[in-house]
Amino acid sequence: MGRVIFHGHSCVELTASDGTRLLIDPFLSGNPMADVGPEHFHDRLDYLLLTHGHGDHIGDAWAILEKTGATLVATYEMVTYAQEVQGVENAHPMHIGGGWDFPFGRVKLTPAIHGGKIDGDGAEAYTTIPAGLLITVDGTAIYHAGDTALTRDMQLLRGQVDIALVPIGDNFTMGPQDAARAIAMVAPRIAVPIHYGTFDLVDVDPARFTAAVGDAAEVKILAPGEKLEF
Ligand code: NI
Ligand code: MN
């Protein structure tokens, strides 16, 4: 049985039934919502996935990668920056619309409408397009939308997603109403709100998302540290 564990903001851990451990957008140090620090992953991490280059998504990525030797999965530009500037050794570059079969399952990068800056020293030359992630583990398809506006491209995911993690914090991404429209388009079985409550600019009550989704999906509001088994 696989697990999704929410660690606050957009940080999500996935564990496959074979024990493979994946971590998405590890903003832990300095994140008031995080239930664990980066050292929580030092005993084992196999893959680290980044949706885009903003600081609240890269977070502790470089330190965790150095400590664990996990494989970074991100856009070509993010991976190039990681290798050339941050000294990351193991990495797998991808890009929007492309998928790859990893030993644990499949990852496909999906469109996300958002800013492309990579935060970090020496990152000027590496601006990229932000992504969402469609990850299939143990036959369950998990969509982590990253930071994004509502976009009709999400309709293309309809029928392909079991669990959708969508930003609802407004201001920088979809707010609860648009996130609910995204859920109506994608039609997952389970919808999980992310990217809210971390700081004032994304301080949104997730109950607004639950109300707006209605019967379109089962909404699971995960507290940091809470897990969802699939
Ligand atoms: Ni962002
Ligand atoms: Mn963000």
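Summarised in this report is the structure supplied together with it. (Residues numbered from 1 in each chain as written. Chains lettered and ligands numbered in written order. Predicted model: local features only at pLDDT ≥ 70, side-chain atom pairs only at ≥ 80, totals over all residues. Heavy atoms only, no water.)

Considerations on the sheet that holds strand E5 (residues 71-75)
Strands in a sheet are paired, the pairing made by backbone hydrogen bonds, and the direction either parallel or antiparallel.
Part 1: Strand order in this open sheet of 7 strands is E6-E5-E4-E3-E2-E1-E14, and the pairing throughout is mixed. Each of the sheet's edge strands pairs with one partner strand only, and the pair in question is strand E6 (91-94) and strand E14 (227-229). Ignoring which end each strand starts from, the neighbouring axes of this sheet average 20° apart.
Part 2: Judged from the 4 bridges that link them, strand E1 (residues 3-6) and strand E2 (residues 12-15) form a sheet pairing that is antiparallel. Residue pairing for E2: Phe6 is matched across the bridge by Val12.
Part 3: Helix H3 (residues 76-84) contacts E5 and E6 of the sheet and is inclined by roughly 135° relative to E5. (Pairing = 2+ DSSP bridges. Helix = DSSP H or I, 4+ residues; strand = E, 2+ residues; numbered from the N terminus. Axes fitted to C-alpha atoms, helices over the stretch in contact; angles between N-to-C directions. Contact = heavy atoms within 4.5 Å.)

Here we look at the coordination of the manganese ion (ligand 2)
Part 1: Protein-derived coordination of the manganese ion (ligand 2) comes from Asp56 (OD), His57 (NE2), Asp147 (OD) and His195 (NE2), at a distance range of 2.1 to 2.2 Å.
Part 2: In primary-sequence terms, the residues that donate to the manganese ion (ligand 2) follow D-H-x89-D-x47-H.
Part 3: Separating the manganese ion (ligand 2) from the nickel ion (ligand 1) is a gap of 3.2 Å, bridged by Asp147, which donates to each.
Part 4: We classify Asp56 as buried; its relative accessible area is 17%. (Donors = N, O, S within 2.8 Å, 3.2 Å for Na, K, Ca; no water. Buried < 20%, exposed > 50% of the residue type's maximum accessible area, 1.4 Å probe, protein only.)

Some details on unusual backbone geometry
Part 1: For His9, which is not glycine, the phi dihedral falls at a positive 60°.
Part 2: Mapping His9 onto the fold places it in the loop between E1 and E2.
Part 3: The phi dihedral of Asn171 falls on the positive side, at around 65°, and the residue is not glycine.
Part 4: Its location among the elements puts Asn171 in the loop between strand E11 (163-167) and helix H4 (176-186).

A word on the packing of H4 against helix H5 (residues 206-213)
Part 1: One can describe the packing of H4 onto H5 by two numbers: an axis separation of 8 Å at closest approach and a directional angle of 40°. Taken together, the axes of H4 and H5 lie oblique to each other. Seen from above, H4 lies across H5 with right-handed handedness. Between H4 and H5, the residues in contact are Pro176, Gln177, Ala179, Ala180 and Ile183 and Arg208, Phe209, Ala212 and Val213, respectively.
Part 2: Tallied by class, the residues present in the contact of H4 with H5 amount to 7 nonpolar, 1 polar and 1 charged. (Parallel < 35°, antiparallel > 145°, perpendicular 65-115°, else oblique. Left-handed = near helix turned anticlockwise from the far one by under 90°. Nonpolar A, V, L, I, M, F, W, Y, C, P; charged D, E, K, R; others polar.)

Examining the pattern of salt bridges
Part 1: Under the criterion given, the structure shown has 7 salt bridges.
Part 2: The salt bridge partner of Asp46 is Arg44, with a shortest N-O separation of 2.9 Å.
Part 3: By relative accessible area, which is 22% here, Asp46 ends up partly exposed.
Part 4: A salt bridge links Lys220 to Glu218, with the nearest nitrogen and oxygen atoms 3.3 Å apart. (Salt bridge = Lys/Arg side-chain N within 4 Å of Asp/Glu carboxyl O.)

Looking at the coordination of the nickel ion (ligand 1)
Part 1: Those donors, His52 (NE2), His54 (ND1), His114 (NE2) and Asp147 (OD), are the protein atoms that reach the nickel ion (ligand 1), and they lie 2.2 to 2.3 Å from it.
Part 2: What the 4 donor atoms of the nickel ion (ligand 1) show is an angle range of 86 to 172° at the metal, which sorts the shape as irregular.
Part 3: Donor residues for the nickel ion (ligand 1), ordered by position in the chain, follow H-x1-H-x59-H-x32-D. (Tetrahedral: all angles 85-135°; square planar, octahedral: opposite > 155°, others 65-115°.)

Some remarks on the packing of aromatic side chains
Part 1: Across all of its chains, the model carries 5 aromatic pairs by this definition.
Part 2: Seen from their ring centres, Tyr47 and Phe102 are 5.5 Å apart, and the 75° between their planes marks the pair as edge-to-face. Placement of the pair is Tyr47 in strand E4 (residues 47-49) and Phe102 in strand E7 (residues 99-102), with a sequence separation of 55 residues. This pair shows no difference in class: Tyr47 is buried, exactly as Phe102 is.
Part 3: Ring geometry for Phe102 and Phe104: centres 5.4 Å apart, planes at 15°, overall stacked. Grouping residues by exposure puts Phe102 and Phe104 together as buried.
Part 4: Within the aromatic cluster, the residues linked to one another by ring pairs are Tyr47, Phe102 and Phe104. (Phe/Tyr/Trp six-rings, centres within 6.5 Å; stacked < 30°, edge-to-face > 60°.)

Digging into the nonpolar core
Part 1: Ranked by size, the top nonpolar core spans 28 residues in total, and within it Val4, Leu14, Leu49, Phe104, Val107, Ile135 and Ile163 carry the most contacts.
Part 2: Counting residues per element, the ones that place at least two in this core are E1, E2, strand E3 (21-24), E4, strand E8 (105-111), strand E9 (131-137), E11 and strand E12 (190-194).
Part 3: With 4 residues, the top contributor of residues to this core is E9.
Part 4: Residue contacts for Val107: discarding those within four places in its chain leaves Leu49, Val73, Met94, Gly98, Gly99, Trp100, Phe102, Leu133, Leu134 and Ile135. (Core = buried A, V, L, I, M, F, W, Y, C linked by side-chain atoms within 4.5 Å.)

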